[in-house]
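# Coordinates in review
Listed below are the residues making up each chain.
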Amino acid sequence: MASEDVKTNDSAVSKIVNLAEEAKLAKAEIKPSKYQVYSICKSLVAGGVAGGVSRTAVAPLERLKILLQVQNPHNIKYSGTVQGLKYIWRTEGLRGLFKGNGANCARIVPNSAVKFFSYEQASKYSPTIGVLHLQLCLCDDRMLQSLFSLDILHY
């Protein structure tokens, strides 16, 4: 009888040891390789940098657009693009053309990073999935733009 208890305890211990080894192997398989982590970071940084650079490239025009939208209709300082850019340059200098760009980049960099990363991940599995994802992103942007324009019209 005592020998049966020892056998039962040995088999229970061996089961626990086997489960622990299986869990250790499963945990080791789940860890991403350094290449995978590097690839993820590379995609995120590339998307973020691309978004920031593109937003910075059009920052003077964005600034002018905002100023044209909010200027007093009874006291128009500038009526066109070139005239408006010249006015900003004369009154505020180079920094005036890029006012508000930091906040704009803080908004667009994470957005672009996630979109680019998700596109890269989707296109790895199937080219059609990548194209579908791109179409969904464009559709998403159009829907957001229409919602924001409706919101502006509301006020």
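Described below are features of the structure shown in this document. Keep in mind that what you see is a predicted model, and the values were worked out from it rather than measured.

So, on to the overall build of the protein. Along its length, the protein carries 6 helices and 0 strands. Overall, the protein shows an N-to-C arrangement of helices and strands of α-α-α-α-α-α. For the protein, the proportion of its 155 residues judged to be buried stands at 19%. Look at the contacts in the protein between residues 6 or more apart in sequence, and 58% of them connect residues 24 or more apart. Accessible surface for the protein amounts to roughly 12200 Å². Of this, 65% is attributable to carbon and sulfur atoms.

A few words on a nonpolar patch on the surface. A contiguous nonpolar surface patch, about 220 Å² in accessible area, is contributed by I40, L44 and V114. Within the secondary structure layout, V114 lies in helix α5 (residues 101-125).

The subject of this paragraph is the packing of helix α2 (residues 34-57) against α5. Two numbers describe how α2 lies on α5: the axes approach to 7 Å, and their chain directions differ by 135°. Classed by the angle they form, the pair α2 and α5 counts as oblique. Considering how the two elements wind past one another, α2 and α5 form a crossing that is right-handed.

This part is about the nonpolar core. Ranked by size, the top nonpolar core spans 5 residues in total: L64, L67, Y78, I88 and L97. Going through the elements one at a time, α3 (59-70) and α4 (81-97) are the ones with two or more residues in this core. Once residues lying within four places of it in the same chain are set aside, the contact partners of Y78 are L64, L67, L68, Q71, Q83, G84 and Y87.

A few words now on the pattern of salt bridges. Once their charged atoms are close, side chains differing in charge can pair, the charge on each being opposite to the other. Here the structure, examined in full by the defined rule, presents 3 salt bridges. A salt bridge links K65 to E62, with the shortest nitrogen-to-oxygen separation between them at 3.4 Å. Residue K65 and its partner E62 are located together in helix α3, separated by 3 residues, close to a single helical turn. Relative accessible area serves as the criterion here: at 40%, K65 is assigned to the partly exposed category. Taking the relative accessible area as the measure of exposure, E62 reaches 23% and is therefore partly exposed. For R63, the salt bridge is made with E92, and the minimal N-O distance between the two is 3.3 Å. Separated by 29 residues along the polypeptide, R63 in helix α3 and E92 in helix α4 bring together distant segments of the chain. Note on R63: relative accessible area 13%, which makes it buried. By relative accessible area, which is 33% here, E92 ends up partly exposed.

What counts and what doesn't
- Residues numbered from 1 in each chain as written.
- Predicted model: local features only at pLDDT ≥ 70, side-chain atom pairs only at ≥ 80, totals over all residues.
- Heavy atoms only, no water.
- Helix = DSSP H or I, 4+ residues; strand = E, 2+ residues; numbered from the N terminus.
- Buried < 20%, exposed > 50% of the residue type's maximum accessible area, 1.4 Å probe, protein only.
- Contact = heavy atoms within 4.5 Å.
- Areas by Shrake-Rupley, 256 points an atom, 1.4 Å probe, with all protein chains shown as cover.
- Patch = residues over 30% accessible without salt bridge, like charges linked within 9 Å, V, L, I, M, F, W, Y side chains within 5 Å.
- Salt bridge = Lys/Arg side-chain N within 4 Å of Asp/Glu carboxyl O.
- Axes fitted to C-alpha atoms, helices over the stretch in contact; angles between N-to-C directions.
- Parallel < 35°, antiparallel > 145°, perpendicular 65-115°, else oblique.
- Left-handed = near helix turned anticlockwise from the far one by under 90°.
- Core = buried A, V, L, I, M, F, W, Y, C linked by side-chain atoms within 4.5 Å.

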